[in-house]
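Now for the letters of each chain:
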Amino acid sequence: MITDQRMATGGHLPSVGLLVDKANQLVQTLAAPALVQLALRVALAVPFWRSGILKWGGFLRLNDTAVTLFSDEFMLHLPGGPYHFPAPTVMAFLSGCGEIMFPILLVLGLGTRFAALGLLFMTAIVELTVPDGWPVHITWAAMALGIMAYGPGRLSLDHLIGRTFAPTP
C-alpha cells in the first residue's frame, strides 16, 4: 500500500496519497472474500429459483405450462436443428427440481461446488435453448465457475461442517 511504501523510504505521505490509501482500505473491507462469495452464491441462485418456482403446481406436481414449454416451445439449437426436447415431461421435471434444489443448496452453502456445477450444466442447456440470451448466460456461467473455483466461503454450511469435522493435529 502507499502508506507502507512511503514509510519504508522515510518520506512523508501526501494528503492525496493518504486519501487514496484510506479509500483502498475501505473498498477491501467492503469486498471481504466471505461477503463476495456469499453475494455470488445468492446472485446465481435467484434467477434459477425464480424460474423453478414457476414450474410447479404443488408438491412434486408440474403445472401444465412447464410441460407445454418443453413440449412445444423450447427447442435445442444444435447443428442440423433445432430439435424438440426428448421426453419433455421428464425434462420439465428435472429442470424444475434442479432450479429449486441447486439454489437452496447455494444459499445455504451446502454441497456448494456441486450445486454450482449443476447450475453451470443447466446454463449450458439454457444457452442451447435460447442462444440469443448469451449475455446473461455468460454471467451465470462466470458466477458458477467462480463458486466452483473459490468455494462457498466462510459464511456457509460447507465451511462450518469442514471446521467441525476437520481432523485435529
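Here's what I pulled together on the structure shown here.

Definitions and cut-offs
- Residues numbered from 1 in each chain as written.
- Predicted model: local features only at pLDDT ≥ 70, side-chain atom pairs only at ≥ 80, totals over all residues.
- Heavy atoms only, no water.
- Helix = DSSP H or I, 4+ residues; strand = E, 2+ residues; numbered from the N terminus.
- Rg over C-alpha atoms; globule rule 2.2 N^0.38 Å.
- Contact = heavy atoms within 4.5 Å.
- Areas by Shrake-Rupley, 256 points an atom, 1.4 Å probe, with all protein chains shown as cover.
- Lys, Arg positive; Asp, Glu negative; His and termini not counted.
- Charge placed at Lys NZ, Arg CZ, Asp CG, Glu CD.
- Polar contact = N/O pair within 3.5 Å; in protein donor to acceptor, adjacent residues only side chain to side chain.
- Phe/Tyr/Trp six-rings, centres within 6.5 Å; stacked < 30°, edge-to-face > 60°.
- Buried < 20%, exposed > 50% of the residue type's maximum accessible area, 1.4 Å probe, protein only.
- Axes fitted to C-alpha atoms, helices over the stretch in contact; angles between N-to-C directions.
- Parallel < 35°, antiparallel > 145°, perpendicular 65-115°, else oblique.
- Left-handed = near helix turned anticlockwise from the far one by under 90°.

1. Examining the overall build of the protein
Helix and strand counts for the protein come out as 8 helices and 4 strands. Reading the protein from its N terminus to its C terminus gives the helix and strand order α-α-α-β-β-α-β-β-α-α-α-α. Relative to a compact globule of 169 residues, whose C-alpha radius of gyration would be 15 Å, the protein shows 22 Å and is clearly more extended. Contacts spanning at least 24 positions in sequence make up 62% of the contacts within the protein whose residues lie at least 6 apart. Only carbon and sulfur atoms are counted for the fraction: they give 72% of the accessible area of the protein, which is about 10800 Å². Averaging the locations of the 9 positively and 9 negatively charged side chains of the protein gives two centres separated by 16 Å.

2. Structural notes on the side chain of Thr129
Along the polypeptide, Thr129 turns up in helix α6 (residues 112-129). Side-chain polar atoms of Thr129 contact the backbone oxygen of Ile125, separated by 2.8 Å. Not counting residues up to four positions away in its chain, the partners in contact with Thr129 are Phe74, Met75, Leu76, His77 and Phe85.

3. Observations concerning the packing of aromatic side chains
Taken as a whole and judged by the stated rule, the model has 4 aromatic pairs. Taking the centre distance of 5.6 Å and the plane angle of 80° together, the rings of Trp56 and Phe93 count as edge-to-face. Of the two residues, Trp56 is situated in strand β1 (residues 56-58) and Phe93 in helix α5 (residues 88-108); the sequence distance between them amounts to 37 residues. Between the aromatic rings of Phe70 and Phe85, the centroid separation amounts to 5.2 Å while the plane-to-plane angle is 70°, which identifies the pairing as edge-to-face.

4. Points about unusual backbone geometry
Of note, the bond from Gly81 into Pro82 is cis; its omega dihedral lies within 30 degrees of zero at 20°. By the element assignment, Pro82 lies in the loop between β3 (75-76) and β4 (83-84). Positive phi outside glycine occurs at Leu60, with the angle close to 55°. Within the fold, Leu60 resides in the loop between β1 and β2 (61-62). Look at Leu60 and you get exposed, because its relative accessible area is 53%.

5. Some remarks on the side chain of Ser156
Its place among the elements puts Ser156 in the loop between α7 (134-150) and α8 (157-164). With a relative accessible area of 8%, Ser156 lands in the buried category. Excluding its chain neighbours within four sequence positions, the residues that come into contact with Ser156 are Arg41, Leu108 and Gly109.

6. Digging into the packing of helix α3 (residues 33-53) against α7
Between α3 and α7, the shortest axis-to-axis distance is 10 Å and the interhelical angle comes to 140°. As judged from the angle between their axes, α3 and α7 are oblique. Between α3 and α7 lies a crossing of left-handed hand. Every residue of α7 that contacts α3 at Gln37, Leu40, Arg41, Ala43, Leu44, Pro47 and Phe48 is listed here: Trp140, Met143, Ala144, Ile147 and Tyr150.

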